[in-house]
Amino acid sequence: MRENLFLLLKTILIAIGYISGAKLGFFLAFLNSQVSPVWPPEGIAFTAIVLIGRKAIPGILIGATVANYLNNPHIPTAILIGIGNTLGVIINYYLLLLLVKSDRIFESISNLIKFLLFCTIPGSFVSAVIGVTSLLYFNFVSQSVYWNVLLTWGAGEMQGFIIVAPFLLTWSKLPDMRFPFYRYVELVALTILTLVSILLAFKEEVPLAYLPFPFIVWAALRFKKYAATVVITFLSGIAVYKTVKGVGPFAIYLDGKISLNNSLILLDIYIAVATIIAYLAVTVMRERSNAQSSLVENLKTIERMKDIANQELEKKVLERTLIIEKQKSQLEKQIEMAGKIQDSLLPATIPDIGKLKIAIKYQPMMKLGGDFFDLRYSKSKDALGFFLCDVSGHGVPAALLAAMVKMSLTYWYEHLHKLTESFNFIYEAIYDKLGKNFITASLMHINLSNGKLRTARAGHFPVMIITKAGKVVRLKSNGKIIMALTKPDAEEVEYRLAAGDRIVIYTDGIIEAHGQNSFELFSEERMIKILRDLNQVDINIVVEKIFQSVVEYSGGIEFLDDDLTFVLMEYNPK
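Quantities reported herein were computed from a predicted structural model and do not represent experimental measurements.

A.B. asks: Which parts of the structure should I look at to understand the overall build of the protein chain?
C.D. replies: Tallying secondary structure elements over the protein chain gives 17 helices and 12 strands in all. Relative to the compact-globule value of 25 Å for 574 residues, the protein chain shows a C-alpha radius of gyration of 33 Å, a clear excess of over 25%. Structurally, the protein chain occupies a C-alpha span of about 100 × 75 × 45 Å along its principal axes. For the protein chain, buried positions account for 45% of its 574 residues. Across the protein chain, contacts joining residues at least 24 apart in sequence account for 70% of those joining residues at least 6 apart. Carbon together with sulfur atoms contributes 63% to the accessible area of the protein chain, which is approximately 29100 Å² in total. Distance between charge centroids for the protein chain: 3 Å, based on 57 positive and 50 negative side chains.

Here you go:
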């Protein structure tokens, strides 16, 4: 009894929803009072049948029939059009089940293409043929405009499926709105700019039809399908309303009268382009996220399989356990010894330089790491040279390459100020040993007497300056990563340090650390915020704060997925 009552209630609500959407569609009707260039109720009906299933069909049929009867009280046409509307929804629904197999149309490019091509067009034009033919048969439409009405009807139905349905399906599950404050500011700015751009695009005297497109892409990339569907819905609604009223870049006039057929053909193309761009941007980001999730899951599966295999192996070859443990112990000792050797390659102490305070934090992901840094202070020249590199990969191979890099720094040790030449020397020394690996690196020379800083990089992050006032300056220069087949071609850039300026150098493990329960990166923005907040705090405390923030964000040192190196220097010539 309760199930029947709930089913009756759902049927009534679906019918009311269809009728309400139809009222909006009829508001834009032309050529005939029952032909609209956009038909939102089909999107409402499609959402209902996707979420509820076949039990939604009675509500759709009732709503479609009543809606058409209220607009044109002719029972035969109302029934035929209602059947056509319902049949169109059913056809597209079963094509969705057959081809996409779910409502996750933004899950992949393949799903999106199948939805746009095969889950919207067939049902739309089946409904259009039934509806327009019934109007022609009962003399509500003349034969001379039959094809124009058919095209308009079918396009209107497609708009409902392509725009309204994704909007409702997306928002049937509310998003997680727990954003940092700056994301809310960004969302407000995006909303205002998007609405302004749409209104400007459809002002009669301003030919700026494609002005909203950058904001559509912005919405799709930053706020994914939720923002994309909202923006497309607003754009479509305003565009259709303005065009039907004879305003905007797509309103075409012939002999002083608006040609709605020609206008809406151009407008449909415009809306289709905007919709495809938005949906593609969302889907590409989704595929990238899925790929990352799949990679992590595969790695976890491999780890689990390895654990199971180890357990089975221990059960079957119990007699070899002692040997394996002994070998394992020896290997750990060798790795530990290798780690100590690698640590010995790093500077033993940080020189005490009055004009320049230096704080460095280094943490390999494993016992051996691919990050390496070195520095040289020339007291006679009152100058400091600093080198930082990040070898691709982790563990023993990366550590061996880092050791080779250390051996290639002999020229730089003798010529701290020759940055470009030093990069060339490094490349010549190790290029034939790189194989498929690569290295990013940064060199820096500071004349402490006059504050002149010169830096060059080979594919590494730019050296960053945080001024005493909190301004961020990135010292960008050209330079390729060090690979077997490409020379670095590094170029130098200069900067004059002022008192209180802080120099920031780091490897990608800092800003690309993943959150423990999400795939959002720690990000350069979060790092810069900490640096600005602590701009007047001792740099040793700041470095520890950055390091601890990255570790906590990752869920602990054991969850780090890259080596961490963070360097902070403060210039105080007095």
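Still more ground to cover, so stick around.
A.B. asks: I'm lost on the packing of aromatic side chains in this one. Help?
C.D. replies: The description of an aromatic ring pair rests on the distance of the ring centres and on the angle between the ring planes. Evaluated as defined, the whole model comprises 20 aromatic pairs. Relative to Phe-213, the ring of Tyr-210 lies with its centre 4.9 Å away and its plane at 70°, an arrangement referred to as edge-to-face. When its relative accessible area of 47% is taken as the criterion, Tyr-210 is described as partly exposed. Centre to centre, the rings of Phe-522 and Tyr-553 are 5.6 Å apart; their planes meet at 80°, and the pair counts as edge-to-face. Here the residue Phe-522 occupies a position in the loop between helix H15 (508-511) and helix H16 (524-533), and Tyr-553 occupies one in helix H17 (residues 539-554), the gap between them amounting to 31 residues. The exposure classification of Phe-522 matches that of Tyr-553, with both residues buried. Three or more aromatic residues joined by ring pairs make a cluster, and in this case those are Phe-202, Tyr-210, Phe-213 and Tyr-270.

A.B. asks: Any chance you could explain a nonpolar patch on the surface here in plain terms?
C.D. replies: Together, Leu-61, Ile-62, Val-66, Tyr-69, Leu-70, Ile-75, Ile-79, Leu-80 and Ile-83 make up a nonpolar patch on the protein surface, roughly 730 Å² of accessible area in all. Contributions of two or more residues to the nonpolar patch are made by helix H3 (57-71) and helix H4 (75-100). At five residues, H3 tops the list of elements feeding residues into the nonpolar patch. Along the chain, Leu-80 falls in helix H4.

A.B. asks: So what exactly am I meant to see when it comes to the sheet that holds strand S6 (residues 439-447) here?
C.D. replies: Note: strands within a sheet are paired through backbone hydrogen bonds, in either parallel or antiparallel orientation. On the basis of which strands lie adjacent, the open sheet formed by five strands has the order S4-S5-S6-S7-S10 and antiparallel pairing. Either end of the sheet is taken by a strand with one partner, and the two such strands are strand S4 (371-378) and strand S10 (492-496). Averaged over all adjacent pairs, the angle separating strand axes in this sheet is 15°, with direction ignored. Judged from the six bridges that link them, S6 and strand S7 (residues 452-458) form a sheet pairing that is antiparallel. Its bridge partner lying in S7, Leu-443 is registered against Ala-456. Against the sheet, helix H12 (residues 395-407) engages S4, strand S5 (383-391) and S6, with an angle of about 155° to S5. Together, S5, S6, S7 and S10 form the strand contacts of helix H14 (residues 419-430), whose direction differs from that of S6 by roughly 150°.

A.B. asks: Please clarify how the sheet that holds strand S8 (residues 463-466) should be interpreted in this entry.
C.D. replies: Overall, antiparallel pairing links the five strands, which are arranged S3-S12-S11-S8-S9 in an open sheet. At either end of the open sheet lies a strand with only one pairing partner, and these are strand S3 (356-363) and strand S9 (472-475). Each adjacent strand pair in this sheet contributes to an overall mean axis angle of 20°, direction not counted. Pairing of S8 with strand S11 (residues 502-506) involves three bridges; the strand directions are antiparallel. Note on S11: the bridge partner recorded for Ile-465 is Ile-503. In the packing of H17 onto the sheet, the strands contacted are S3, S11 and strand S12 (564-571), and the crossing angle to S3 comes to about 20°.

A.B. asks: Is there a simple way to explain the side chain of Ser-236 in this structure?
C.D. replies: By the element assignment, Ser-236 lies in helix H9 (residues 213-244). Dropping the residues within four chain positions of it, Ser-236 is found in contact with Gln-159, Ile-163 and Ile-271.

A.B. asks: Honestly, the nonpolar core in this entry has me stumped. Any pointers?
C.D. replies: A general trend in soluble globular proteins is that nonpolar side chains are found buried together. Within the largest apolar cluster, 61 residues are counted, with the highest numbers of intra-cluster contacts made by Phe-202, Leu-267 and Tyr-270. It is H9 that provides the largest number of residues to this core, a total of 15 residues. Once residues within four sequence positions are removed from consideration, Tyr-270 is found in contact with Phe-202, Ala-209, Tyr-210, Pro-212, Phe-213, Leu-235 and Phe-250. Counting 50 residues, the second-largest nonpolar core is a separate cluster that includes Leu-346, Leu-401, Leu-443 and Ile-465.

A.B. asks: Sorry, what's going on with H4 here?
C.D. replies: Because each turn of an α-helix spans 3.6 residues, side chains separated by three or four positions end up pointing in the same direction. Its 26 residues give H4 an end-to-end C-alpha distance of 37 Å, which sits within 8% of 38 Å, the value for a rise of 1.5 Å per residue. Of the residues trailing H4, Lys-101 is marked for its positive phi of about 70°.

A.B. asks: Please explain the pattern of salt bridges as it appears in this structure.
C.D. replies: Note on pairing: side chains with opposite charge can pair once their charged atoms come close. Tallied over the entire structure, the rule returns 15 salt bridges. Lys-357 is paired through a salt bridge with Asp-538; the nearest N and O atoms lie 2.5 Å apart. Taken together, the residues Lys-357 in strand S3 and Asp-538 in the loop between H16 and H17 connect sequence positions 181 residues apart. Classification of Lys-357 by relative accessible area gives partly exposed; the value is 36%. The exposure class assigned to Asp-538 is partly exposed, which follows from its relative accessible area of 31%. Its salt-bridge partner being Glu-544, residue Lys-361 comes within 3.2 Å of it at the nearest N-O pair.

Calculation rules
Residues numbered from 1 in each chain as written. Predicted model: local features only at pLDDT ≥ 70, side-chain atom pairs only at ≥ 80, totals over all residues. Heavy atoms only, no water. Helix = DSSP H or I, 4+ residues; strand = E, 2+ residues; numbered from the N terminus. Rg over C-alpha atoms; globule rule 2.2 N^0.38 Å. Buried < 20%, exposed > 50% of the residue type's maximum accessible area, 1.4 Å probe, protein only. Contact = heavy atoms within 4.5 Å. Areas by Shrake-Rupley, 256 points an atom, 1.4 Å probe, with all protein chains shown as cover. Lys, Arg positive; Asp, Glu negative; His and termini not counted. Charge placed at Lys NZ, Arg CZ, Asp CG, Glu CD. Phe/Tyr/Trp six-rings, centres within 6.5 Å; stacked < 30°, edge-to-face > 60°. Patch = residues over 30% accessible without salt bridge, like charges linked within 9 Å, V, L, I, M, F, W, Y side chains within 5 Å. Salt bridge = Lys/Arg side-chain N within 4 Å of Asp/Glu carboxyl O. Pairing = 2+ DSSP bridges. Axes fitted to C-alpha atoms, helices over the stretch in contact; angles between N-to-C directions. Core = buried A, V, L, I, M, F, W, Y, C linked by side-chain atoms within 4.5 Å. Expected span 1.5 Å × (residues − 1).

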